[in-house]
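Spelled out from the first residue to the last, the chains are:
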Amino acid sequence: MHARGRLSLGAFAWLAMASTASAHDTITTKLLWTQEISRIVNKHCAICHREGGGAVPLATYEDARPWAKAIRDEVLARRMPPWGAVKGVGEFRGDPSLSQIEIDMIVNWVEGGAPKGDEIYLPPAPHFTAASGARPAGRELTVTTGAALTLSAPAELAGLRPLRLAAGESLEVTAYKPDGAVEHLIWIRNWRPQWERTYYFLHPVRLPKGTRIAAYSGKPAQAAMVIGR
């Protein structure tokens, strides 16, 4: 699960002690760690939940099994993997969120006794490098809640970054185009400061001259808009 906003080791340990799955649970599921669940973890979680990744290791069955019920609770609450942006409002790069099918598989695996399966079916361990993905270069414009910004020239919006957003608050940024069209750019809900990141759009958002951009939040906040070249 993504490094930013990860659950602290202490908090995760508390959850595990409170809800660790028993090693003697009755097996009632055909879902297996070695076949389905390890692949979900490798795809969405292992970048942080591994040795040296800064969060509780979950790379092997032996790592993950004691935390099974805590994992279930975290993914059901959509606290893990942390992301913040509400699905369906904007499309962004690098979204680590689990699909509903993946959530259901994890829940069913845990509640079905969290079986391991035959190691012959384990996928290759994921390989992580320090390479960083190139991000769009460009200038930034800032919009503040209560003070809409009107574009004086056409702009290509590459991404958005919350600024001065209080913990637990939500932020919406919306573009009102001159022709009357409305484009909801992002909706961030129940913000946690450790989620700090720039949300880069999957495809740049082109906005014409005269577009009015407004930010909404329960408390004063800002959003930095990355304008592509």
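The residue count restarts for each chain, going from 1 along the sequence in the order it is written. In keeping with the predicted nature of the model, local features appear solely for residues at pLDDT of at least 70, side-chain atom pairs appear and are counted solely at 80 or more, and the whole-chain, interface and lining totals rest on all residues. For side-chain calculations, the full set of non-hydrogen atoms in the structure is used, while hydrogens and water are omitted.

**Q** Help me understand the nonpolar core, please; the structure alone is not making it clear to me.
**A** Nonpolar side chains in soluble globular proteins generally cluster together in the buried interior. Ranked by internal contacts, the top residues of the largest apolar core, which has 27 residues, are Leu157, Leu160, Val173, Leu185, Ile186, Tyr199 and Ile213. Strands are runs of DSSP state E lasting at least two residues, helices are runs of H or I lasting at least four, and both sets are numbered from the N terminus onward. Only β3 (155–163), β4 (171–176), β5 (182–188), β6 (199–207), β7 (212–217) and β8 (222–228) provide two or more residues apiece to this core. With 4 residues, β6 is the single largest residue contributor to this core. In what follows, a contact means two residues having at least one pair of non-hydrogen atoms within 4.5 Å. In this view, Val173 contacts Leu160, His184, Leu185, Ile186, Ile213, Ala214, Ala215 and Ala223; residues no more than four positions away in its chain are not counted. Note on terminology: a nonpolar core comprises buried Ala, Val, Leu, Ile, Met, Phe, Trp, Tyr and Cys residues joined through side-chain atoms within 4.5 Å. Each residue is assigned to one of three classes by its accessible area relative to the maximum for its type, calculated with a 1.4 Å probe on protein chains only: buried under 20%, partly exposed between the two thresholds, exposed over 50%.

**Q** When you look at helix α4 (residues 68–76) in this model, what are you seeing that I'm missing?
**A** Helical geometry: 3.6 residues make up each α-helical turn, so side chains three or four residues apart lie on a common side. Within the sequence span of α4, burial applies to Ala68, Ala70, Ile71, Arg72, Glu74 and Val75. Arg78 sits one or two positions beyond α4 and adopts a positive phi of about 55°.

**Q** Is there a simple way to think about the packing of α4 against helix α5 (residues 100–111) in this case?
**A** Angle between the axes and distance between the axes: these two values describe a pair of packed helices. Axis angles are defined between N-to-C directions and span 0 to 180 degrees, where every axis is a line fitted to C-alpha atoms and, for a helix, only to the segment in contact. Relative orientation of the contacting elements α4 and α5 amounts to 150°, with a least axis distance of 9 Å. For the element pair α4 / α5, the angle class is roughly antiparallel. As α4 runs across α5, the sense of the crossing is left-handed. Taken together, the residues of α5 that come into contact with α4 (itself represented by Ala68, Lys69, Ile71, Arg72, Val75 and Leu76) are Ile103, Ile106, Val107, Val110 and Glu111. Amino acid classes used here: Ala, Val, Leu, Ile, Met, Phe, Trp, Tyr, Cys and Pro are nonpolar; Asp, Glu, Lys and Arg are charged; the rest, including Gly, are polar. Grouping the amino acids of the contact of α4 with α5 by side-chain chemistry returns 8 nonpolar, no polar and 3 charged. Geometric relationships in this document are graded by angle, where less than 35 degrees denotes roughly parallel, more than 145 denotes roughly antiparallel, 65 to 115 denotes roughly perpendicular, and other angles denote oblique. For a crossing to be left-handed, the near helix must be turned anticlockwise from the far one by less than a right angle; the clockwise case is right-handed.

**Q** Sorry, what's going on with the environment of Ser38 here?
**A** Along the polypeptide, Ser38 turns up in helix α2 (residues 33–44). By relative accessible area, which is 3% here, Ser38 ends up buried. In this structure the C-alpha to C-alpha distance between Ser38 and Ile106, which are 68 residues apart in sequence, comes to 10.0 Å. Excluding residues that lie within four positions of it along the chain, Ser38 makes contacts with Trp33, Leu122 and Pro123. Polar contact is defined as a pair of N or O atoms within 3.5 Å, subject to the rule that within protein one atom must be able to donate a hydrogen and the other to accept it, and that residues adjacent in sequence are counted only when both atoms are side-chain atoms. At a separation of 2.8 Å, a polar atom in the side chain of Ser38 contacts the main-chain carbonyl oxygen of Trp33.

**Q** What exactly am I supposed to notice about the pairing of β8 here?
**A** A regular strand places its side chains so that they alternate between the two faces of the sheet. Of all 7 residues in β8, 7 are buried, a share of seventy percent or more. Residues Gln222, Ala224, Val226 and Gly228 point to one face of β8 and Ala223, Met225 and Ile227 to the other, with burial holding for every one of them. Two strands form a pair only when DSSP identifies at least two bridges running between them. When strand β1 (residues 138–144) meets β8, the two strands line up antiparallel, connected through 7 bridges. Residue pairing across strands places Glu140 opposite Val226, the latter belonging to β8. Judged from the 6 bridges that link them, β3 and β8 form a sheet pairing that is antiparallel. Across the sheet, Arg161 pairs through a bridge with Ala224, a residue of β8.

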